[in-house]
Amino acid sequence: MPELPEVETIVRGLQGPLQGLVIESIELFSTSMLGEVTADDFIAALTDSRIKKIERRGKYILFKLQKGQKSFTLAVHLRMTGNLIYCSKRPMTRPRHTRAVFLFHNESFLFFTDVRKFGSFRILDDNQKTIFLSCLGVEPLSPAFSEQTLQKLIEGKKTSIKAFLLNQKYICGIGNIYADEILYRSSLYPEKPLPKLSKKEIANLWHNIREVLMEGIKAGGTSTRDYRNAAGEKGDYQKHLLVYGKAGQKCRRCCSIIQRIKVAGRGTYYCPGCQPN
DNA sequence: CGGATTTCCTGCATGC
DNA sequence: TGCATGCAGGAAATCC
């Protein structure tokens, strides 16, 4: 599932090859990612536009595009199984589950694949983009995310720590896998209510949010199943996971058996020894 | 208001 | 082997 480290890895992989390219044509094999927008409108809007810049915000990939005098943004969300794969020339066969293909003027291709068809494409003008981004919380790896920022975000909320970490309007980019790893490293029980966190625990949590996400990026993301980078390669962080997907296995720290429960509607892995209720 | 549940979707693991 | 069933989950919509 592409979370912050995976999306960041994809964006870094696309920036070089796609910068400055002009979209010559688009082929759609599904329209589910377009929402209310029709295929014709989507294709018409993007064809002949130039990619000025690619950046990440939370789990969104933002393509800053220009067509004539008009500048706008394509916001792509990969949800669980979406991938963007760049090919410098036409491959022999399309990747499996290809939903859209972008052909550029230099004869290179960008494939959007998505097994479960949950991914979304949204075209935003500069005004809509501002509103859109204002709904997202703080970037956890930005200087704006200080220990005090986290302290203030937690203040006054009563929800569980895991639900808090997953809520994109507070901190953006953390998904199910990294949330579990962050909580394990912070020795926090996933259902622990925010008011019960001590200042020391919050300071430690802040440190671990940043550390785990940075490690994830360094390893090129987590490929538990579908995730691939822009070159179609797997990440390595699945080798470093300590609790996610490890139910029934021994905790590396205390040898307790890793448990799986449901928190905020998500499968949640934790160590009952290290993360006591 | 806010937490819980449902919805979208397909592939894969499981069990009979 | 084959089939039905359940599960995986990000975010929006809906429910309670």
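Located above this text is the structure these notes cover.
An account of the accompanying structure is given in this report. (Residues numbered from 1 in each chain as written. Chains lettered and ligands numbered in written order. Predicted model: local features only at pLDDT ≥ 70, side-chain atom pairs only at ≥ 80, totals over all residues. Heavy atoms only, no water.)

**Quick look at the layout of surface pockets**
Here comes step 1: Reported here for the largest pocket is a volume of approximately 450 Å³.
Here comes step 2: Forming the walls of the largest pocket are 19 residues, and the residues nearest its centre are Lys59, His77, Arg79, Met80 and Arg266.
Here comes step 3: A breakdown of the residues in the lining of the largest pocket according to their chemical character gives 7 nonpolar, 7 polar and 5 charged.
Here comes step 4: Each of two domains, domain 1 (4–134) and domain 2 (147–270), supplies a minimum of three residues to the lining of the largest pocket.
Here comes step 5: By volume, the second largest pocket is sized at about 210 Å³.
Here comes step 6: Lining the second largest pocket are 13 residues, with Asn83, Arg96, Thr113, Asp226 and Arg228 sitting closest to its centre.
Here comes step 7: Of all the secondary structure elements, the ones that give two or more residues to the lining of the second largest pocket are β5 (82–87) and β7 (109–114). (1 Å grid on protein atoms, 1.4 Å probe; cavity = no way out; pocket = protein on both sides within 12 Å on 5 of 7 lines; lining within 4 Å. Points joined across faces, edges and corners; volume = space filled by probe spheres on them. Nonpolar A, V, L, I, M, F, W, Y, C, P; charged D, E, K, R; others polar. Domains from an automatic or database assignment. Helix = DSSP H or I, 4+ residues; strand = E, 2+ residues; numbered from the N terminus.)

**Brief notes about the packing of helix α1 (residues 4–18) against helix α7 (residues 199–218)**
Here comes step 1: One can describe the packing of α1 onto α7 by two numbers: an axis separation of 8 Å at closest approach and a directional angle of 40 degrees. Between α1 and α7, the angle is such that the two are oblique. In this structure, α1 crosses over α7, and the sense of that crossing is right-handed. Of the residues in α7, those touching α1 at Leu4, Pro5, Glu8, Thr9 and Arg12 are Leu213, Gly216 and Ile217.
Here comes step 2: Within the contact of α1 with α7, the residues separate by chemical class into 4 nonpolar, 2 polar and 2 charged. (Axes fitted to C-alpha atoms, helices over the stretch in contact; angles between N-to-C directions. Parallel < 35°, antiparallel > 145°, perpendicular 65-115°, else oblique. Left-handed = near helix turned anticlockwise from the far one by under 90°. Contact = heavy atoms within 4.5 Å.)

**Here we look at the protein's contact with DNA strand B**
Here comes step 1: In the vicinity of DNA strand B, the contacting residues are His97, Val115, Arg116, Lys117, Phe118, Thr159 and Arg225.
Here comes step 2: The sugar-phosphate backbone supplies 60% of the atoms of DNA strand B found within 4 Å of the protein.
Here comes step 3: Between DNA strand B and Arg116 there is a distance of 3.3 Å, counted from a sugar or linking oxygen to a backbone nitrogen or oxygen.
Here comes step 4: A distance of 3.2 Å is found between a phosphate oxygen of DNA strand B and a side-chain nitrogen or oxygen belonging to Lys117.
Here comes step 5: Classifying every residue of the surface near DNA strand B by side-chain character gives 2 nonpolar, 2 polar and 3 charged. (Near = heavy atom within 4 Å. Polar contact = N/O pair within 3.5 Å; in protein donor to acceptor, adjacent residues only side chain to side chain.)

**A few points about the protein's contact with DNA strand C**
Here comes step 1: For DNA strand C, the set of nearby residues contains 14 residues, the closest of which are Met80, Arg116, Asn176, Arg260 and Arg266.
Here comes step 2: Those atoms of DNA strand C that come within 4 Å of the protein belong to sugar or phosphate at a rate of 63%.
Here comes step 3: Within the side chain of Arg116, a nitrogen or oxygen atom sits 3.0 Å from a base nitrogen of DNA strand C.
Here comes step 4: In this structure, a phosphate oxygen belonging to DNA strand C sits 3.1 Å away from a side-chain N or O atom of Tyr244.
Here comes step 5: Going through the elements one at a time, β9 (259–263) and β10 (266–270) are the ones with two or more residues in the surface near DNA strand C.
Here comes step 6: Residue classes in the surface near DNA strand C are distributed as 4 nonpolar, 4 polar and 6 charged.

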